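One-letter residues, chain by chain:
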Amino acid sequence: MSTEGTAAARSASHLAPRRMLALDAARGLAVIGMIAINTGPRGDDELLDLLYRVPYGRASLLFVLLGGIGLSLMTRRSRTDQGPLPWAALIWRCALLMLGGLALQSLDHGVSVILQIYALLILCSLPLLRASGRSLLAVAGLSAVVGPPLWLLVQAQTDGQFDRDPVSATEPIWEIFTDIVITGPYPMIIWAAPFVLGLWLGRQQLGLTRLSTRLILWGAVAAIGARLLSGALVQLFGEPTSHVEWQRLVSAVAHSQMPLWLISGTGSAVFVLGVCLKIHAWTRPWAGPLITLGQMALTAYIGHLLVLAFVIRPGPETMAQGALATGATVAALMAFTWLWRRRFSRGPFEVLLRLPKFRRSTP
């Protein structure tokens, strides 16, 4: 190996632990944002409420973006060394996330569970794991540009009949599939964009300073620029008055499934990722609870649904109650994940995602 190659390898190995901690921190922030939004309440226009709702339409996109990065890192050796892809392990993970998401949706928490779309995104991304970087960017761009008009077209053809209800286990299998792909709260034809972008980002040298700087700059440009463009278009053409009409394409309202919201929200996610990669202090003790929350994101996500269903609902009714419930839930989950990680290397639900090893007994 050349001197330059040796230096690059040493630099990469030095940056790897810091990079992983930064990803864990970003994942922890995504979980906190989803807890805040899912706990509520939402609907007021006061300044504090607007600040409290900043993660709305952004935290879930960050979660999905990081999911794509995680899948890319998980399969990196299979891609770079031309080894076999861990098909069985990935399909096992998809099956558990799908079944778990459907089961969790039956609880009385009032949340649209995201695990089902996460499972199908992994499954449908398997053919892309060895695709070129340009192909990944093309697929992400196609989802962002074509997905929203296709979603609107289906709405128009059905007179807006599909109601974007959460994907439930009580539905027929075909309806579960169509709900996840296009008619549910997280239509895959649109949400594939941040996930596949994450697949591409996972191939980049995330520990490099210049890359984190670019993520911050381009993320901010996308987040702010798309919002400003939406505002200008609304001023020019008027506020969208229907969920079916094509004028809705100018909207950047959170979870509108429209391109400008998707670009703005994904830009926010990229910005947060860049900031987390820029910070070098994730090894400090004060960062431990956030790091472990991100390392056990699945356990924390499931835990907050259980807390919502069995402790918080019905409620909260006021902003103060919502902030208190959110803070208590986050603190409890941080304490649990921090204590758990002191003794175990993986969270209780993260362990289940690993493909079981069946040993044949010898006579």
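Because the structure is predicted, anything quoted here is derived from the model rather than measured.

**Q** In this structure, what is going on with the pattern of salt bridges? I would like to understand it.
**A** Side chains bearing opposite charge may pair, as long as their charged atoms lie close to each other. Applying the stated criterion to the full structure yields one salt bridge. Between R27 and D24 there is a salt bridge whose closest N-O contact spans 2.9 Å. Residue R27 and its partner D24 are both found in helix α1 (residues 3–39); the two are separated by three residues, about one turn of the helix. D24 sits in the buried class, given a relative accessible area of 9%.

**Q** Could you clarify how one ought to interpret the packing of aromatic side chains in this entry?
**A** One pair of aromatic rings is described through two measures. These are the centre distance and the angle between the planes. Throughout the structure, instances matching the rule amount to nine aromatic pairs. For the ring pair W282 and W286, a centre distance of 6.2 Å and an interplane angle of 50° mean the geometry is tilted.

**Q** Teacher, can you tell me more about helix α10 (residues 209–237) here?
**A** The periodicity of an α-helix, 3.6 residues per turn, causes residues three or four positions apart to be oriented the same way. Compared with an ideal rise of 1.5 Å per residue, which puts 29 residues at 42 Å, α10 spans 42 Å between its outermost C-alpha atoms and is within 8% of the ideal. Those residues of α10 lying buried are L211, S212, L215, I216, G219, A223, A226, S230 and V234. Check the buried side of α10 and you find it contacts α9 (188–201) and α11 (259–278).

**Q** Got a minute to help me understand the side chain of Q105 in this structure?
**A** With respect to the helices, strands and loops of the structure, Q105 is situated in helix α5 (residues 87–105). Judged by relative accessible area, which is 12%, Q105 ranks as buried. Of the polar contacts made by the side chain of Q105, one reaches the backbone oxygen of V111; its length is 2.8 Å. Of note is the side chain of Q105, whose polar atom sits 2.8 Å from the backbone nitrogen of V113. When residues no more than four places from it in sequence are discounted, the contact partners of Q105 are V111, S112, V113, Q116, P166 and V167.

**Q** Please explain the packing of helix α3 (residues 59–74) against α11 as it appears in this structure.
**A** If you want to describe how two helices pack, look at the angle between their axes and the distance between the axes. Relative to each other, α3 and α11 sit at 65°, their axes nearing to 9 Å. For the pair α3 and α11, the crossing hand works out as right-handed. Every residue of α11 that contacts α3 at L61, L62, L65, L66 and I69 is listed here: W261, L262, G265, T266, A269, V270, V272 and L273. Broken down by class, the residue content of the contact of α3 with α11 amounts to 11 nonpolar, two polar and no charged.

**Q** Explanation requested: the nonpolar core in the structure shown.
**A** In a soluble, globular protein the nonpolar side chains are often hidden away together inside. Formed by 93 residues in total, the largest nonpolar core has its most connected members in L273 and W282. The element that contributes the greatest number of residues to this core is α9, accounting for 11 residues.

**Q** Explanation requested: unusual backbone geometry in the structure shown.
**A** One can expect most non-glycine residues to show negative phi and most peptide bonds to be in trans. The step from G40 to P41 runs through a cis peptide bond, and the omega angle for that step is 0°. Secondary-structure assignment places P41 in the loop between α1 and α2 (47–52). The peptide bond linking G315 to P316 adopts the cis configuration, its omega dihedral lying at 0°. Take P316: it is sitting in the loop between α13 (297–312) and α14 (319–343). Not every positive phi belongs to a glycine, and H255 is a case in point at roughly 60°. Looking at where H255 falls in the secondary structure, it is placed in the loop between α10 and α11. Using a relative accessible area of 15% as the deciding quantity, one classes H255 as buried.

**Q** Help me out: how do you make sense of the packing of α13 against α14 in this one?
**A** Orientation of α13 relative to α14, taken along the N-to-C sense of each, is 135°, at an axis distance of 10 Å. The angle between α13 and α14 places the two elements in the oblique class. The two elements α13 and α14 cross, and the hand of that crossing is right-handed. Facing α13, whose interface residues are T299, A300, G303, H304, V307 and I312, α14 presents A325, T329, L333 and F336. Residues that form the contact of α13 with α14 fall into these classes: six nonpolar, four polar and no charged.

Rules of the game
Residues numbered from 1 in each chain as written. Predicted model: local features only at pLDDT ≥ 70, side-chain atom pairs only at ≥ 80, totals over all residues. Heavy atoms only, no water. Salt bridge = Lys/Arg side-chain N within 4 Å of Asp/Glu carboxyl O. Helix = DSSP H or I, 4+ residues; strand = E, 2+ residues; numbered from the N terminus. Buried < 20%, exposed > 50% of the residue type's maximum accessible area, 1.4 Å probe, protein only. Phe/Tyr/Trp six-rings, centres within 6.5 Å; stacked < 30°, edge-to-face > 60°. Expected span 1.5 Å × (residues − 1). Contact = heavy atoms within 4.5 Å. Polar contact = N/O pair within 3.5 Å; in protein donor to acceptor, adjacent residues only side chain to side chain. Axes fitted to C-alpha atoms, helices over the stretch in contact; angles between N-to-C directions. Left-handed = near helix turned anticlockwise from the far one by under 90°. Nonpolar A, V, L, I, M, F, W, Y, C, P; charged D, E, K, R; others polar. Core = buried A, V, L, I, M, F, W, Y, C linked by side-chain atoms within 4.5 Å. Parallel < 35°, antiparallel > 145°, perpendicular 65-115°, else oblique.

Everything listed here is a matter of coordinates, which is why it stays silent on function.
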